[in-house]
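Coordinates in review
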Amino acid sequence: MDQSEIEEDRDLVAGRIPAIEVLKSERDINKIFLQEGLSGSKISEILGLAKKRNIQVQMVPKSKLDTLVDGMNHQGIVVAAAAFQYAELDDLFAAAALKKEDPFFIILDGLEDPHNLGSIMRTADASGAHGIIIPKRRAVGLTATVAKASTGAIEHVPVVRVTNLVQTINELKDRGVWLYGTDMKGQDYRQWDTKLPIAVVMGNEGKGISRLVKEQMDGMVTIPMVGHVQSLNASVAASLLMYEVYRGRNAL
Ligand SMILES: C[S@@+](CC[C@H](N)C(=O)[O-])C[C@H]1O[C@@H](n2cnc3c(N)ncnc32)[C@H](O)[C@@H]1O
């Protein structure tokens, strides 16, 4: 096998749980590359799903998988799947409408780290967010590393990629969504009314939210910090905020 066997419009999904998620999804699968001599319950599940979907499984030595995914921890399995599909803004509204819920979107203003994006997708799925909006330029998009870090959530959380974030924010406002930015100078997140249709904006790992985006916000929200460091990791902050929305909307 060499790299040319993988068509350019294909994504390589590495790892057992991500492989199972992609095999259960509706995405087209080209082929499965499985490390020789592996067994176990997850491998049996993968082989069962492959059989059910009539997907070719090629047995390869570990070194081939290492080369294919460039040292990523593949756990003996790589799935060559159709390229990750981006959604449209309407798909996010439709996802909210389908669940009869007010929109709950996450906007990432220039997030760069694929592990942060994967982790945010994982919590977005868990906390019931209807989708994520990212800019096309100067930001991480959907990659194999993101897929791995999302542990399969990438198959369930729609991601919209837009050319102009400020324009999209204005469209969201026109459609009744309240925009909340996040930094260290906003209202305490425990006093935030999360029962409205909302989009939460997270900033870049180094620079935070850009000025032009911040100017469009209806409000700013802050997670209090009483220690010595100046900010939380973007995906950690996003998780706390997403669960605050969940908590506010799902009273016990
Ligand atoms: C590492 S921080 C960026 C710090 C950046 N130097 C700044 O001044 O905003 C990345 C993102 O995480 C979120 N964040 C981090 N800590 C936060 C907190 N305590 N409250 C609200 N959001 C926070 C914000 O969205 C921020 O833009």
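First, a word on scope: everything that follows refers to the structure included in this document. Please read all numbers here as calculations on a predicted model, not as lab measurements.

Some details on the nonpolar core
Of all hydrophobic cores here, the largest spans 50 residues; its most connected members are I106, L108, M121, I132 and W192. For this core, the element with the most residues is helix 9 (residues 234-249), which contributes six residues. Contact partners of W192, with chain neighbours within four places excluded, come to Y180, Q187, I198, V200, V221, L241, E244 and V245. Core analysis: the second largest hydrophobic core is formed by 20 residues, V162, L172, V201 and M217 among them.

Let's talk about the site of the ligand
Taken together, 17 residues form the shell around the ligand, and within it T182, G203, G206, I223 and L232 come nearest. A distance of 2.9 Å separates an oxygen atom of the ligand from a polar backbone atom of G203. Across the complex, the protein chains shield 81% of the 560 Å² of accessible surface that the ligand would expose by itself. Within the residue set of the shell around the ligand, elements represented by two or more residues are strand 8 (178-188), strand 9 (198-203), strand 10 (219-222) and helix 9. Take the shell around the ligand: its biggest share by element is three residues, from strand 8. Along the lines of polarity and charge, the residues of the shell around the ligand split into eight nonpolar, seven polar and two charged.

Here we look at a nonpolar patch on the surface
A cluster of nonpolar side chains, namely L232, V236 and L240, defines an oily patch on the protein surface of about 200 Å² accessible area. Locating L232 in the fold gives a position in the loop between strand 10 and helix 9.

Focus: helix 1 (residues 16-24)
All buried positions along helix 1 are accounted for by P18, A19, I20, V22 and L23. Against strand 1 (10-14), strand 2 (29-35), helix 2 (41-53), strand 4 (77-82) and helix 6 (144-149) lie the buried residues of helix 1.

Some details on the pairing of strand 3 (residues 57-60)
Two elements, strand 2 and strand 3, share four bridges in a ladder whose sense is parallel. If you follow Q35 over to strand 3, its bridge partner there is V60.

Points about helix 9
The terminal C-alpha atoms of helix 9 lie 23 Å apart, and with 16 residues this matches the ideal 22 Å at 1.5 Å per residue to within 8%. Within helix 9, the full set of buried residues consists of A234, S235, A237, A238, S239, L241, M242, E244, V245 and G248. Along its buried surface, helix 9 packs onto strand 5 (104-109), helix 5 (114-127), strand 8, strand 9 and strand 10.

The rules we used
- Residues numbered from 1 in each chain as written.
- Predicted model: local features only at pLDDT ≥ 70, side-chain atom pairs only at ≥ 80, totals over all residues.
- Heavy atoms only, no water.
- Core = buried A, V, L, I, M, F, W, Y, C linked by side-chain atoms within 4.5 Å.
- Buried < 20%, exposed > 50% of the residue type's maximum accessible area, 1.4 Å probe, protein only.
- Helix = DSSP H or I, 4+ residues; strand = E, 2+ residues; numbered from the N terminus.
- Contact = heavy atoms within 4.5 Å.
- Near = heavy atom within 4 Å.
- Polar contact = N/O pair within 3.5 Å; in protein donor to acceptor, adjacent residues only side chain to side chain.
- Areas by Shrake-Rupley, 256 points an atom, 1.4 Å probe, with all protein chains shown as cover.
- Nonpolar A, V, L, I, M, F, W, Y, C, P; charged D, E, K, R; others polar.
- Patch = residues over 30% accessible without salt bridge, like charges linked within 9 Å, V, L, I, M, F, W, Y side chains within 5 Å.
- Salt bridge = Lys/Arg side-chain N within 4 Å of Asp/Glu carboxyl O.
- Pairing = 2+ DSSP bridges.
- Expected span 1.5 Å × (residues − 1).

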